[in-house]
Number of protein chains: 2
Amino acid sequence: MKDRRGGGRDRPGLSHEKVLRKALELADRDGLAALSIRSLAQGMGTKPMTLYYYVANKDQILDGLVDLVFTEIDTPEAGGEWKEQMRRRAHSAREALRRHPWAVGLLESRKAPGPATLKHHEATLGTLRAAGFTVQQTARAYSLLDSYIYGFALQEAALPIAGHEPTAEVAGPIMERFATGEYPHMVEIATQVVMQPGYDYGNEFTYGLELILSALEPAPAD
Amino acid sequence: MKDRRGGGRDRPGLSHEKVLRKALELADRDGLAALSIRSLAQGMGTKPMTLYYYVANKDQILDGLVDLVFTEIDTPEAGGEWKEQMRRRAHSAREALRRHPWAVGLLESRKAPGPATLKHHEATLGTLRAAGFTVQQTARAYSLLDSYIYGFALQEAALPIAGHEPTAEVAGPIMERFATGEYPHMVEIATQVVMQPGYDYGNEFTYGLELILSALEPAPAD
DNA sequence: GTTATCTTTCGTACACTGTACGAGAAGGGT
DNA sequence: ACCCTTCTCGTACAGTGTACGAAAGATAAC
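Owing to the predicted nature of the structure, the values given are computational and were not obtained by experimental measurement.

Caption draft 1: Summary view of the protein's contact with DNA strand D. The environment of DNA strand D is made up of 17 residues, and the closest members are Arg38(A), Tyr52(A), Lys58(A), Tyr53(B) and Tyr54(B). Sugar plus phosphate, as a fraction of atoms of DNA strand D within 4 Å of the protein: 55%. Ile37(A) places a main-chain nitrogen or oxygen 2.9 Å from a phosphate oxygen of DNA strand D. Residue Tyr53(B) places a side-chain N or O atom 2.8 Å away from a phosphate oxygen belonging to DNA strand D.

Below is the structure:
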């Protein structure tokens, strides 16, 4: 047989982490639906069943992908001003989820949070507690902030793929119904806001985030 | 051959809507992953390919499911006080998404909003506009509210299935790491909040919603 | 060197998925 | 009797995740 096992030093072989990294790459490039064991193996230059030596099953790969995404989110530090910490965390979370839109849909079905996910949550909770939030207040604030972040990411993922194209193809069949004047307010929003030259939906994120942060305060509220 | 075509009046035959309704039922009962064309056909007493007379493909079924869920959400009326309208809408949306948790993950990938979805959005936008929000303010408020609703539903869907069981099975493998004291704040939240006797995570929804509604006002803010 | 033991690769096979294609039955209109 | 529309479904195919077990390569024991 040929010399398998990779040609020496330049490809030191597979590993759990390399499988996950390649899976991330493929999911970003071709979408999560195109990520199959076979395509993943091909992308790594091996055969499908080889992957099962490094990974228990596909579900574990998906768990790993979610955890990889959490790796990219800024973890708050214990010292700084809490609102600024939460602001940074929120923005970096949104950006990570926009880089990997498929991760949002994955969140719903994951049952086993990975180490990066746990570390991230722990650090965030710690920052809030250190800022003077009670345990109950921390739970509430965290739920509120994360709900907003995930929800915004979900909406952003549901939007048409590219940025500011005419959205013609997607809206095509619906446009007929719009032309009937059935949805005047949606048309209003579309023409006066969304389709405006410099409009970027991402900016709306800041608005909502600041509104929430303004209303959040540790001690007084019960 | 036997007399197919359903025995007379009591089963008047299939229809697009009946297929969707059965799909909803199966998704609720066995989970979205268990919803296959074959299982759906069997549940309706037909053969797989028969469904394709009423439905273009599975993706259209999923689109229809999401639209069915929107059917269950209270649509705001033009007349009432806007905050109360938004409150009702938000709560009924959360409840609908809790009844059909799989719908949350589906939202990310749907590209063709159905009629009920469009009607719902249109009515909601109309209520905000009628309350004095400018077009831009409406877009922002809507984005904020929906992000919170969807995000909360996403988190709720990601929680362990039942309500207030010990969560032992899910947390099992992770518990070891918890025992090491690696995640003190998560333990704190778990013991002092989540695992408290009467605790219901759903109540946190109200807290965040009211916080957001309090900070939202039509005219003055820009 | 030889043999035994791990580590790592992967070929084959199975049950399952969505669905293209096309045959044919049921019923109505002429 | 004929056609035509409406509807049902059998067969087949390419794709999925993965169980099982055979083998090759590396390392250790003798």
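Caption draft 2: Broad picture of helix 10 (residues 184-194) of chain A. Those residues of helix 10 of chain A lying buried are Met186(A), Glu188(A), Ile189(A) and Val193(A). Projection of helix 10 of chain A onto a plane perpendicular to its axis shows the buried side chains occupying an angular sector of 155°, all on one side.

Caption draft 3: Region of the structure containing the packing of aromatic side chains. The final tally for this structure, using the stated rule, is 12 aromatic pairs over all chains. Look at Tyr148(A) and Phe152(A): their rings are 6.1 Å apart centre to centre, the planes differ by 55°, and that puts the pair in the tilted class. Taken together, the positions of Tyr148(A) and Phe152(A), both in helix 8 (residues 135-158) and four residues apart, correspond to about one turn of that helix. A centroid spacing of 5.3 Å and a plane angle of 5° characterise the contact between Tyr148(B) and Phe205(B), whose relative ring orientation is stacked. Highlighted residues: Tyr148(B) in helix 8 (residues 135-158) and Phe205(B) in helix 11 (residues 202-215), separated in sequence by 57 residues.

Caption draft 4: Structural view of the protein's contact with DNA strand C. The full set close to DNA strand C counts 16 residues, and Tyr53(A), Tyr54(A), Ile37(B), Arg38(B) and Lys58(B) are the nearest of them. In DNA strand C, the atoms that sit within 4 Å of the protein are 53% sugar and phosphate, with bases accounting for the remainder. One nitrogen or oxygen atom from the side chain of Tyr54(A) is found 2.8 Å from a phosphate oxygen belonging to DNA strand C. Interatomic distance of 2.9 Å between a backbone N/O atom of Ile37(B) and a phosphate oxygen of DNA strand C. For the surface near DNA strand C, the elements supplying multiple residues, two or more each, are helix 3 (48-51) of chain A together with helix 2 (37-44) of chain B. For the surface near DNA strand C, the residue count by class is eight nonpolar, four polar and four charged.

Caption draft 5: A look at the relation of the copies chain B and chain A. The transformation that overlays chain B on chain A combines an axial shift of 0.0 Å with a rotation of 180°, and the residual RMSD is 0.0 Å. Put plainly, the chains are arranged around a two-fold axis. Within chain B, the C-alpha atom positioned nearest to the axis of rotation is that of Gly151(B), 1.8 Å from it. Both copies share a contact surface, since 100% of the interface residues of chain B are interface residues in chain A too.

Caption draft 6: View of the pattern of salt bridges. Residues and elements named next belong to chain A. Under the defined criterion, the tally for this structure stands at 30 salt bridges over all chains. Taking the shortest distance from any N to any O, the salt bridge between Glu 72 and Arg 99 comes out at 3.1 Å. Note that Glu 72 is positioned in the loop between helix 4 (58-71) and helix 5 (82-99) and Arg 99 in helix 5, a separation of 27 residues in sequence. For Glu 72, a relative accessible area of 29% gives the class partly exposed. We classify Arg 99 as partly exposed; its relative accessible area is 44%.

What counts as what
- Residues numbered from 1 in each chain as written.
- Chains lettered and ligands numbered in written order.
- Predicted model: local features only at pLDDT ≥ 70, side-chain atom pairs only at ≥ 80, totals over all residues.
- Heavy atoms only, no water.
- Near = heavy atom within 4 Å.
- Polar contact = N/O pair within 3.5 Å; in protein donor to acceptor, adjacent residues only side chain to side chain.
- Buried < 20%, exposed > 50% of the residue type's maximum accessible area, 1.4 Å probe, protein only.
- Helix = DSSP H or I, 4+ residues; strand = E, 2+ residues; numbered from the N terminus.
- Arc of directions from axis to C-beta.
- Phe/Tyr/Trp six-rings, centres within 6.5 Å; stacked < 30°, edge-to-face > 60°.
- Nonpolar A, V, L, I, M, F, W, Y, C, P; charged D, E, K, R; others polar.
- Least-squares fit on C-alpha atoms with pLDDT ≥ 70 in both.
- Contact = heavy atoms within 4.5 Å.
- Salt bridge = Lys/Arg side-chain N within 4 Å of Asp/Glu carboxyl O.

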